[in-house]
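Here is what each chain is made of, one letter per residue.
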Amino acid sequence: MIRRYNKITLGGNVVKEKILRVLKNNINEYISGEELSIQLNISRTAVWKHMNSLKDLGYIIESQPKLGYKLTKVANSLHPRELSPLIENSFIGTEITYIEQVGSTNEIAKDLAKTCKEGTIVLAEEQIGGKGRLGRNWVSPKGGGIWLSVILKPDINPAEAPRLTSVAALAVVKAIREETGLAVGIKWPNDIVFEGRKVAGILTEMSAEIDKINYIILGIGINVNLDRKDFPSELTDRATSIKEELGREVVRIQLLASVLEKIENEYQRFLQGQLAAIINEVKEYSQTLGKMVVVSNFKDAWEGTVEDIDFEGALILRLATGGTKRIISGEVSLRSVSGDYAE
Ligand code: BT5
């Protein structure tokens, strides 16, 4: 079942919200069932039922007959109940569709996009049909990642839509660096990498008419607490997670709140005409500038050295055969020391 949540009501049961607040304010301390029932004006049986449903949501709550209830661990979930209080944005993430398991959050976002307001997000704990670009697969196991779609409705020319991939990439890099300290960079146009391995990817999809965008969906996948065993063997050399690189777990929800905040900031800068400044920052984090590469799209491939990322986010390639080529979107393979090109 798909449920929408919004920031004001948190969409949930008000009493349960209150119980959770009391438990969180007294984390690791017992609070008696009687006290809770008096404070909230409900029966002790009702308190007990709410505790059970909180346990089902992943909260670890101990109970002792004489002492009452003690919250020892908050749920490792991205549930809007947990997320909404962390978001201070004015529109990105103020409406949340949260689903435990989904095919692809981008597909759900497409269904919502026609009627929902700009900034609505779709979140899942697990994707069983996660998508990369060009119909590729995106590995999205349960509970370890951030699998997110953001619905935007910018009043821009459809030809300018690829620029939003750079806007999103900058937001994700800034959030990961600030929240975790991991010095990730951007492999043009949509990969967030650490030492050559992919930590996050962005899939920008659009519905448009000739001169008007209906909506854009920024699909963002971040490998937060994934373990090496979560990746299929063919990806172990090319993919990694924040946890693998830092050697410790990261609080997913905190990182997610930061990603949403940065997306709102960078997107507002974009709408205010500050793309050139955004691209300058993208260039600071670029892992492709100055490198020998092969850039390909569905029909062509060009070999050369990346000379620049221009003020609109396009790649400027100095071709091995002479001259330059401006490329708006494509696939970059970097040349290794041995002279091979790796994805
Ligand atoms: C991307 O495509 O990098 C876009 C990924 C977007 C994923 C998000 S999750 C939320 C939203 N809902 C979706 O269904 N998708 C978006 P691309 O550049 O085409 O990279 C895909 C390639 O990356 C695959 O062919 C694999 O080689 C590799 N790959 C797959 N899963 C990966 C993972 N979890 N981490 C790193 N690399 C992965």
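Residues numbered from 1 in each chain as written. Predicted model: local features only at pLDDT ≥ 70, side-chain atom pairs only at ≥ 80, totals over all residues. Heavy atoms only, no water.

Undergrad: Could you give an account of unusual backbone geometry, naming the residues involved and the relevant values?
TA: Residue P189 follows W188 across a cis peptide bond; omega there is -5 degrees. Its location among the elements puts P189 in the loop between β7 (185-187) and β8 (191-194). Backbone geometry at N28 places phi at a positive 70 degrees, although glycine is not the residue there. Within the secondary structure, N28 is located in the loop between α1 (14-25) and α2 (33-40). Given a relative accessible area of 49%, N28 falls into the partly exposed group. (Helix = DSSP H or I, 4+ residues; strand = E, 2+ residues; numbered from the N terminus. Buried < 20%, exposed > 50% of the residue type's maximum accessible area, 1.4 Å probe, protein only.)

Undergrad: Now, about empty space enclosed by the protein: what can you tell me, with residues and values included?
TA: As enumerated under the stated definition, the model contains one cavity of 30 Å³ or more in all. The computed volume of the largest cavity comes to approximately 30 Å³. Residue classes in the lining of the largest cavity are distributed as six nonpolar, two polar and no charged. (1 Å grid on protein atoms, 1.4 Å probe; cavity = no way out; pocket = protein on both sides within 12 Å on 5 of 7 lines; lining within 4 Å. Points joined across faces, edges and corners; volume = space filled by probe spheres on them. Nonpolar A, V, L, I, M, F, W, Y, C, P; charged D, E, K, R; others polar.)

Undergrad: Describe helix α5 (residues 105-113), and please don't skip the residues or the numbers.
TA: By the burial criterion, the buried members of α5 are T105, N106, I108, A109, L112 and A113. Projected down its long axis, α5 carries its buried residues within an arc of 155 degrees, all on one side. (Arc of directions from axis to C-beta.)

Undergrad: Explain the packing of helix α8 (residues 252-271) against helix α9 (residues 275-284) residue by residue, including any values.
TA: Contact geometry of α8 with α9 gives a least axis separation of 7 Å together with a crossing angle of 135 degrees. By the angle between their axes, α8 is oblique relative to α9. Taken together, the residues of α9 that come into contact with α8 (itself represented by E266, R269 and F270) are L275, A277, I278 and E281. Classifying every residue of the contact of α8 with α9 by side-chain character gives four nonpolar, no polar and three charged. (Axes fitted to C-alpha atoms, helices over the stretch in contact; angles between N-to-C directions. Parallel < 35°, antiparallel > 145°, perpendicular 65-115°, else oblique. Contact = heavy atoms within 4.5 Å.)

Undergrad: I'd like to hear about the packing of aromatic side chains, residue by residue, with values.
TA: On inspection of all chains with the given rule, the structure shows two aromatic pairs. Consider the rings of F91 and Y267, whose centres lie 6.2 Å apart with planes at 50 degrees: the pair is tilted. With a gap of 176 residues between them, F91 in the loop between α4 (80-83) and β4 (95-102) and Y267 in helix α8 connect regions that are remote in the sequence. Of the two residues, F91 and Y267, both sit in the buried class. Ring centres of Y267 and F270 lie 6.5 Å apart, and the angle between their planes is 15 degrees; this geometry places the pair in the stacked category. (Phe/Tyr/Trp six-rings, centres within 6.5 Å; stacked < 30°, edge-to-face > 60°.)

Undergrad: I'd like to hear about the pairing of β4, residue by residue, with values.
TA: The pairing of β4 with strand β5 (residues 121-127) spans six bridges and is classified as parallel. What sits directly across from V102, in β5, is Q127. Read as a crossover between parallel neighbours, the route from β4 over α5 to β5 is right-handed. (Pairing = 2+ DSSP bridges. Right-handed = clockwise from strand over helix to strand, strands pointing away.)

Undergrad: Which residues make up the nonpolar core, and what values do they have?
TA: In this structure, L83, L148, I176 and I222 are the most contacted members of the largest nonpolar core, which totals 66 residues. Top contributing element to this core by residue count: helix α6 (residues 163-180), with ten residues. Excluding residues within four positions of it along the chain, I222 makes contact with G145, I146, W147, V172, I176, V199, A200, I242, L255 and V259. Ranked by size, the runner-up nonpolar core spans 16 residues in total, among them L36, M51, I61 and L71. (Core = buried A, V, L, I, M, F, W, Y, C linked by side-chain atoms within 4.5 Å.)

Undergrad: Residues and numbers for the site of the ligand, please.
TA: Taken together, 28 residues lie around the ligand, and S104, K131, R136, K198 and N223 are the ones closest in. R136 places a side-chain nitrogen or oxygen 2.8 Å from an oxygen atom of the ligand. With respect to the ligand, the side chain of N190 contributes an N or O atom lying 3.2 Å from an oxygen atom. Elements represented by at least two residues in the shell around the ligand include exactly α5, β9 (197-208) and β10 (213-223). Per-class residue counts for the shell around the ligand are nine nonpolar, twelve polar and seven charged. (Near = heavy atom within 4 Å. Polar contact = N/O pair within 3.5 Å; in protein donor to acceptor, adjacent residues only side chain to side chain.)

Undergrad: Mind laying out the pairing of strand β13 (residues 315-319), listing which residues take part and the relevant values?
TA: When you tally the buried positions in β13, you get four out of five residues, the bulk of the element. Inspection of the sheet shows strand β12 (residues 301-309) paired to β13 by five bridges, in the antiparallel sense. Residue T305 lies in a different strand from β13, and its bridge partner there is R318. What sits between β12 and β13 in their antiparallel hairpin is a turn of five residues, with G313 showing a positive phi close to 90 degrees. Where β13 lies against strand β14 (residues 324-327), four bridges are found, and the strand directions are antiparallel. If you follow L315 over to β14, its bridge partner there is I327.

Undergrad: So what about the side chain of R163? Which residues, and what values?
TA: Its place among the elements puts R163 in helix α6. A residue is classified by how much of its surface remains accessible, and R163, at 17% relative accessible area, is buried. Not counting residues up to four positions away in its chain, the partners in contact with R163 are F270, L275 and E312.

Undergrad: Let's hear about the pattern of salt bridges: which residues, and what values?
TA: Overall, the coordinates contain 28 salt bridges when judged by the stated rule. Taking the shortest distance from any N to any O, the salt bridge between E281 and K174 comes out at 2.8 Å. One end of the pair, E281, is in helix α9; the other, K174, is in helix α6, and 107 residues separate them in sequence. In terms of burial, E281 and K174 fall into one category: buried. A cluster of three or more residues bridged by salt bridges with shared partners is formed by E160, R163, D310, E312 and R326. (Salt bridge = Lys/Arg side-chain N within 4 Å of Asp/Glu carboxyl O.)

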